[in-house]
Amino acid sequence: MDKDVVLKYGTDSLTVPIRGAARIRTVLPKEMERITDLPAAFLHAVEEGAIGSRPLKEQVGKDDPVTIVVSDITRSWMHQDQVLPLLIDYLHDTIGVPYEAIVILIALGTHRHSTPEELIKICSEEVVKKVCVIDHDCDGELVRVGRTSRGTDVLVNPLVIGRKVIVVGGTVHHMMAGFGGGRKNILPGVAGRETIRQNHRRALDPEKAMSDARVGCCKLTDNPIHEDMAEAAVLVPVAYSLNLVVGADGSHSGIFGGALDEAWKASCDYQKACYEIPCEKADIVVCSTGGYPKDMNLYQGCKGMLNAMRALKPGGTMLWLCKCPEGGGAPDYFSWLTPLREGHLDASLRANFTIGGYIFYLTCEQLRVASHVYTLTELDPELVAPMGIEAEKALPALLKKINFTGKDVLVLPLAGSVVPMN
């Protein structure tokens with residue numbers, strides 16, 4: 001069986017020829033309804049469609065200072081720049097909040113700061129001209145608001161204290177917290193570095209040299225990272241939340257507005273129905289993380305590989321497209337190569353936990369499922385080889401290493417979003 005498949009790679013698309021396979025299956029998200037009237041859908045989400053909350057205009061008054069927490073450039077796939085102008089106009093025109101009383105806070109967590117061009121991509125040029133837009137700084141001025149039952153000291157940006165807080169996020173599966181969005185806009189979004197570290201270190205099993213089995217994609221029940229995040233978010237009074245779900249083509253499919261937890265959980269249920277796809281495991285998985293911005297660096301791009309591993313038979317082969325023009329992503333990402341080579345990665349991470357270090361750890365851990373992970377990327381092949389990534393910068397060089405003859409092949413064009421279930 002022969003087939004040419006087109007996969008996203010950065011801002012481009014590449015054709016991957018598959019020849020002589022016994023079977024070729026392509027797994028895509030289920031088709032979602034598309035919002036055809038975004039202003040009407042937005043209005044419904046902030047008024048009569050409010051979930052677990054009074055409408056937005058009853059939660060925020062014209063004299064209230066407002067902080068809108070929004071996701072950073074790595075989540076630009078959710079196109080919040082189309083929703084934020086509607087929200088700003090609603091606050092100003094309908095509720096009467098002056099523009100100068102509104103601040104947009106970019107929930108960077110520990111990610112790098114935004115460029116001026118990215119601020120426009122995140123918020124829209126119209127919004128940037130009307131209101132103040134600020135990057136969160138996890139190492140800057142912070143306010144302690146309490147401690148979770150697991151002992152996480154919760155320090156957050158002062159702009160989410162003493163103001164009406166509105167959270168805007170995109171709901172997707174998440175490799176540690178089960179699902180992104182919702183409470184995650186507070187922790188890690190606008191939290192301090194140490195708060196984030198204390199939360200994320202719960203990804204490691206408390207007794208074994210491995211990731212905690214309770215932590216991972218789709219997992220919410222008894223997930224210590226998710227439950228800790230949810231507790232922390234309660235310490236920041238959120239007046240309203242907007243949770244966006246997008247379809248495979250990038251268009252908005254759902255806007256769920258209301259109370260932080262209730263509206264977010266409704267968006268999770270909706271998102272699951274589209275992106276969790278039952279499928280048998282395959283001998284070879286051919287996948288793309290999904291192109292820019294999902295493959296802008298390895299810290300973000302590994303999500304595609306992690307999802308794709310769910311569909312690969314133990315000892316199988318993977319062809320993975322993940323461009324990574326920004327390298328590892330986290331400043332310390334590749335510094336963890338040294339303890340990996342020396343055989344003490346787990347011990348070193350436990351002694352000096354960092355978020356970038358854990359994503360590196362998880363990536364290496366999952367790469368061991370396959371016999372070969374052939375990766376098209378701009379990363380230095382020699383740099384990533386100790387992790388288990390067999391990298392090339394040209395597709396033909398990789399294809400020479402893969403024999404599709406007689407194999408069951410599964411294609412995941414949007415592996416950063418689709419979660420194979422088996």
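Data block above holds the structure.
Residues numbered from 1 in each chain as written. Predicted model: local features only at pLDDT ≥ 70, side-chain atom pairs only at ≥ 80, totals over all residues. Heavy atoms only, no water.

So, the sheet that holds strand E3 (residues 23-26)
As summarised here, the arrangement of the six strands in space is E3-E19-E15-E16-E17-E18, forming an open sheet in which the pairing is parallel. Of all strands in the sheet, those bounded by a partner on one side alone are E3 and strand E18 (390-392). With direction set aside, neighbouring strand axes in the sheet form an average angle of 20°. Relative to the sheet, helix H9 (residues 298-309) contacts strand E15 (282-288), strand E16 (312-321), strand E17 (372-376) and strand E19 (408-412), its axis offset from that of E16 by approximately 140°. (Pairing = 2+ DSSP bridges. Helix = DSSP H or I, 4+ residues; strand = E, 2+ residues; numbered from the N terminus. Axes fitted to C-alpha atoms, helices over the stretch in contact; angles between N-to-C directions. Contact = heavy atoms within 4.5 Å.)

Comments concerning the pairing of strand E2 (residues 12-18)
Of the strand pairs in this sheet, strand E1 (residues 3-9) and E2 are connected by seven bridges, and their pairing is antiparallel. What sits directly across from Tyr 9, in E2, is Asp 12. Between the end of E1 and the start of E2, which pair antiparallel, lie two residues, with Gly 10 showing a positive phi angle near 60°.

Let's talk about the environment of Lys 313
By secondary structure assignment, the location of Lys 313 is in strand E16. Distance in space between the C-alpha atoms of Lys 313 and Val 5 is 21 Å, their sequence separation being 308 residues. Ignoring any residue separated from it by four or fewer positions in sequence, one finds Lys 313 in contact with Lys 281, Ala 282, Asp 283 and Val 369.

Topic: the sheet that holds strand E6 (residues 132-135)
Read across the open sheet, the six strands follow the order E6-E5-E4-E9-E12-E13; overall the sheet is mixed. Whereas interior strands pair on both sides, the edge strands pair on one side only; in this sheet they are E6 and strand E13 (252-258). Across the sheet, the axes of successive neighbouring strands diverge by a mean angle of 20°, strand direction being ignored. Strand direction decides the pairing type here: strand E4 (residues 66-71) and strand E9 (residues 164-170), joined by five bridges, are parallel. Opposite Val 69, over in E9, you have Val 167 as the bridge partner. Along the sheet, helix H3 (residues 84-95) contacts E4, strand E5 (102-107), E9 and strand E12 (238-246); its crossing angle with E4, the most-contacted strand, is approximately 175°. Its contacts with the sheet place helix H4 (residues 116-123) against E4, E5 and E6, and it is angled at close to 105° to E5.

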